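# Descriptive analysis of the structure
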Amino acid sequence: HVTIIISVFVFITAGAASAQTNLGFTGGALFPVGDFGESADISPYVGVSLEIQEVNAIGQVAVLSFLVQGGYAFLQTASDLEDYLEENHIDDDGRYFDAGIGARVYSQSTPIFISVGASYLNLKIPGQGGSDNGFGGYVGFGFSSAVTTFKLGIEGRANIGFVDDDSIVHFQALLGFGLPF
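Residues numbered from 1 in each chain as written. Predicted model: local features only at pLDDT ≥ 70, side-chain atom pairs only at ≥ 80, totals over all residues. Heavy atoms only, no water.

## Some thoughts on the confidence of the model for the chain
Per-residue pLDDT for the chain has a mean of 84; in total, 81% of the residues score no lower than 70. At the level of individual helices and strands, the chain shows its lowest average pLDDT in helix H1 (residues 2–14), which scores 52, and its highest in strand S6 (residues 95–106), which scores 95. For the stretch residues 12–16, pLDDT sits under 50, and the model shows three contacts to residues farther than four places along the chain or on other chains. (pLDDT = per-residue confidence, 0-100. Helix = DSSP H or I, 4+ residues; strand = E, 2+ residues; numbered from the N terminus. Contact = heavy atoms within 4.5 Å.)

## Considerations on the packing of aromatic side chains
Two aromatic rings are characterised by how far apart their centres lie and by the angle between their planes. Considering all chains together, one arrives at five aromatic pairs under this definition. Summarising the aromatic geometry, the rings of Tyr 45 and Tyr 96 are spaced 6.4 Å apart at their centres and angled 55 degrees between planes, so their arrangement reads as tilted. Here Tyr 96 lies in strand S6 and Tyr 45 lies in strand S3 (residues 43–55), a separation of 51 residues in the sequence. On the basis of relative accessible area, Tyr 45 is assigned to the buried category, the value being 3%. (Phe/Tyr/Trp six-rings, centres within 6.5 Å; stacked < 30°, edge-to-face > 60°. Buried < 20%, exposed > 50% of the residue type's maximum accessible area, 1.4 Å probe, protein only.)

## Thoughts on the side chain of Glu 155
By the secondary structure assignment, Glu 155 is in strand S9 (residues 150–163). Note on Glu 155: relative accessible area 6%, which makes it buried. Those residues in contact with Glu 155, other than ones at most four positions away along the chain, are Arg 104, Phe 113, Ser 115, Tyr 138, Gly 140, Phe 141, Gly 142, Gln 172, Ala 173 and Leu 174.

## Regarding a nonpolar patch on the surface
A cluster of nonpolar side chains, Val 63, Leu 64, Phe 66, Val 105, Ile 112, Ile 114, Phe 141, Phe 143, Ile 154 and Leu 175, forms an exposed patch at the surface whose accessible area comes to about 860 Å². Broken down by secondary-structure element, the contributors of at least two residues to the nonpolar patch are strand S4 (61–74), strand S7 (112–124) and strand S8 (132–147). For the nonpolar patch, the element with the most residues is S4, which contributes three residues. Here Phe 66 is to be found in strand S4. Here Phe 66 falls in the partly exposed class, since its relative accessible area comes to 31%. (Patch = residues over 30% accessible without salt bridge, like charges linked within 9 Å, V, L, I, M, F, W, Y side chains within 5 Å. Areas by Shrake-Rupley, 256 points an atom, 1.4 Å probe, with all protein chains shown as cover. Salt bridge = Lys/Arg side-chain N within 4 Å of Asp/Glu carboxyl O.)

The following block contains the structure:
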């Protein structure tokens, strides 16, 4: 899986004559819904990304950027389920890990963007034995602005994942900090 992500990154960056690159760090919350929301509650999420945007010969930054990204959430057990798991001595640890690729399209006149992506997922739902692997995707909407030498952003994402014949639906609210290099 890591080989695929690195290959895509090399392919994306090989075509750019000049590129603006940002190393990004995100933090926020993961909001499980549906069946996923019956096992997990709102959980903290942290992530890292590498974003690449082409720059033309006169220094104009392209409206399209590509990302390689990953994130982790320590899933909080839903309150309805937590008491039951404790009483029956069942492991209530849960985790969510994603690693994937994405793209953003920035507005030329405002600091607003839309985003899409696809990810490998590893998920351990609170109260269940082992972890499961799958794939997912997201669509998002955000705001990003350069402040002196770094970039700040806010993004909301709607996610769906497919893990062992189950669909995992959740939303993410993220704050980001990017360092250009």
